[in-house]
Amino acid sequence: MVLLTIWFSFLELNPVNAQTVMQDALEDSVGYFENYSDLLALRIYTNTKWNTLNIIKEDQKLSLVPNSPTSLGVGFNYKEYGLAVAFGLPKSASSNEKYGKTNRLDLQMNMYSPKIGFDGFAQLYKGYYNSNPEEFIEWENDALPQLPDMRVISIGLNVFYLFNSDRFSYKAAFVRNQVQLKSAGSFTAGIFGNYDLAETDNGFIPHEYPDSIASNFDLKSFNTLALGITVGYLYTWVISKHFFINIGLTPGFGNQRIQLGDVKGEKSVKNTPAAQLAARAAIGYESKYFYFGISAMTIWRNFKYKGYDLDLSTEQFKVFFGKRFDLSKKS
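Residues numbered from 1 in each chain as written. Predicted model: local features only at pLDDT ≥ 70, side-chain atom pairs only at ≥ 80, totals over all residues. Heavy atoms only, no water.

**Student:** Could you clarify how one ought to interpret the pattern of salt bridges in this entry?
**Tutor:** When their charged atoms lie close together, side chains carrying opposite charge are able to pair. Scanning the entire structure with this criterion turns up eight salt bridges. A salt bridge links K306 to D218; the shortest N-O distance between them is 3.2 Å. With K306 in the loop between β15 (290-305) and β16 (308-325) and D218 in the loop between α4 (211-216) and β12 (219-239), this pair connects stretches of sequence that are 88 residues apart. A relative accessible area of 10% means that D218 is categorised as buried. Of the charged contacts, one joins K304 and D309 as a salt bridge, the two residues approaching to 2.7 Å between their closest N and O atoms. The exposure class of D309 is partly exposed, given its relative accessible area of 22%. It is possible to trace a salt-bridge network through shared partners that takes in K49, R104 and D106. (Salt bridge = Lys/Arg side-chain N within 4 Å of Asp/Glu carboxyl O. Helix = DSSP H or I, 4+ residues; strand = E, 2+ residues; numbered from the N terminus. Buried < 20%, exposed > 50% of the residue type's maximum accessible area, 1.4 Å probe, protein only.)

**Student:** Help me understand the environment of T102 in this model?
**Tutor:** Looking at the secondary structure, you find T102 in the loop between α2 (93-99) and β7 (103-112). Classification of T102 as buried rests on a relative accessible area of 3%. In sequence terms T102 and M150 are 48 residues apart; their C-alpha atoms lie 9.6 Å from each other. One polar contact links the side chain of T102 to the main-chain amide nitrogen of N67, over a distance of 2.8 Å. (Polar contact = N/O pair within 3.5 Å; in protein donor to acceptor, adjacent residues only side chain to side chain.)

**Student:** Mind showing me how you'd approach the environment of D106 here?
**Tutor:** Residue position: D106 is located in strand β7. C-alpha of D106 to C-alpha of K49: the two residues are 57 residues apart in sequence and 8.7 Å apart in space. Polar contacts involving the side chain of D106 include one to the side chain of R104, which spans 2.9 Å.

**Student:** What is the right way to look at the nonpolar core in this model?
**Tutor:** Soluble globular proteins tend to pack their nonpolar side chains together in the buried interior. Core analysis: the biggest nonpolar cluster contains 28 residues, and L53, F204, F217, F222 and L310 have the highest contact counts within it. Sorting the residues of this core by element identifies β3 (40-57), β4 (60-66), β8 (116-130), β9 (146-162), β12, β13 (243-262), β15 and β16 as the ones contributing at least two each. (Core = buried A, V, L, I, M, F, W, Y, C linked by side-chain atoms within 4.5 Å.)

**Student:** Just to check I follow, could you spell out the packing of aromatic side chains for this structure?
**Tutor:** The geometry of an aromatic ring pair is captured by two quantities: the separation of the ring centres and the angle between the planes. Inspection of the entire model under this criterion finds 17 aromatic pairs. The interplanar angle of 50 degrees and the centroid separation of 4.9 Å between the aromatic rings of Y99 and Y129 together place this pair among those described as tilted. Placement of Y99 in helix α2 and of Y129 in strand β8 is noted, with a sequence separation of 30 residues between them. Ring plane angle 50 degrees and centroid distance 6.4 Å describe the contact between Y112 and F160, whose orientation is recorded as tilted. Residue Y112 is located in strand β7, and its partner F160 is located in strand β9; the two are separated by 48 residues in the primary sequence. (Phe/Tyr/Trp six-rings, centres within 6.5 Å; stacked < 30°, edge-to-face > 60°.)

**Student:** Sorry, what's going on with the side chain of R176 here?
**Tutor:** Mapped onto the elements, R176 comes out in the loop between α3 (170-174) and β10 (178-180). A distance of 2.6 Å separates a polar side-chain atom of R176 from the backbone oxygen of A172. A distance of 3.4 Å separates the side chain of R176 from the side chain of E286, its partner in a polar contact. For R176, the contacting residues outside a window of four places in its chain are K171, F244, N246, E286, Y291, F320 and R324. (Contact = heavy atoms within 4.5 Å.)

**Student:** Honestly, the pairing of strand β14 (residues 267-286) in this entry has me stumped. Any pointers?
**Tutor:** Where β13 meets β14, 19 bridges bridge the pair, whose relative direction is antiparallel. Paired with F243 across the bridge in β14 is Y285. In sequence, β13 turns back onto β14 through a hairpin of four residues, with G265 there showing a positive phi of about 90 degrees. When β14 meets β15, the two strands line up antiparallel, connected through eleven bridges. Its bridge partner lying in β15, A278 is registered against I299. (Pairing = 2+ DSSP bridges.)

**Student:** Help me understand a nonpolar patch on the surface, please; the structure alone is not making it clear to me.
**Tutor:** Nonpolar side chains collect at one region of the surface, where L42, F76, L83, F325 and L327 lie side by side and expose about 400 Å² of accessible area between them. Within the element layout of this structure, L83 appears in strand β6 (residues 81-88). (Patch = residues over 30% accessible without salt bridge, like charges linked within 9 Å, V, L, I, M, F, W, Y side chains within 5 Å. Areas by Shrake-Rupley, 256 points an atom, 1.4 Å probe, with all protein chains shown as cover.)

**Student:** Is there a simple way to explain unusual backbone geometry in this structure?
**Tutor:** Although it is not a glycine, E58 sits at a positive phi angle of roughly 55 degrees. On the secondary structure map, E58 appears in the loop between β3 and β4. E58 gets classed as exposed once you look at its relative accessible area, which sits at 74%. Positioned with a positive phi, K241 is a non-glycine residue whose angle comes to about 70 degrees. Inspection of the secondary structure puts K241 in the loop between β12 and β13.

**Student:** Just to check I follow, could you spell out the confidence of the model for the chain for this structure?
**Tutor:** The predicted structure's coordinates, where accompanied by low pLDDT, should not be read in detail. This prediction gives the chain a mean pLDDT of 87; 90% of its residues lie at or above 70. Looking across the chain, the model is least confident in helix α1 (residues 18-28), with a mean pLDDT of 45, and most confident in strand β11 (residues 184-199), with 96. Low pLDDT, under 50, characterises residues 5-28; the stretch is placed with 43 contacts to residues that sit more than four places away or in other chains. (pLDDT = per-residue confidence, 0-100.)

Below is the structure:
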């Protein structure tokens, strides 16, 4: 169970003089944020990630969740580059018995210039459980209903333009190799793409449920490909000089192609409007050489099937602690 994050920074997408770009950025951003990318930043963190499927009809919701472990990771940032690797902490035997075992692989890549950014991720999960059976049937067992054969693959990307990069630093908000000195925010606009695949051997309804429920929702597999545009807003509050709160909300709209397969083996394809919502937030403490805090992120998307809403969400909760080192100082 591995989580790998790779981070790069680049000055501009167009062939321009890098020194001029950096000088202009520093002149425009005087007093709003400070650049510490020339310091070596080392960090440790815990990270918990989910890839959840909710099947909703009217006021009922069936939640299918992976038994995701909390990962322990280490990472660094220095100049234009960064790398982080995390490994899932072992689950106890009682946890695997109650929730089932989930195998997963998480990859993430980010690239940021002062005005343009790229976020990409890939998630592969196998093994899910139903977290709320008591809402549908009488359930007194310690172990929850499980779908060990359920497999989910999610791949996503987001490219965006930052309109107020002179005062708002995206790197300060979400990379931490810059520090926001004054509160500021920025509108963003860009494009997104998502691919999601989910499949099981016998459908998404656990076998412990009555046949009537499984026959009403007979979906066995689906994959969706969505493309569209995004608009959003990001803001950082600087509190008492060293404390910060970051928030970001970015909805997206476009079109998606959906391929469906039911338990009878029948397949169908349809094209529908696509919508997604990306939200993230962080709170913590930051100085030149130390920083720590917590952050959370979710990317939600949705489609309909025979009167049901299928909500997919990629979620993350992180606790981080970091220290920066000045390598130019002589010992």
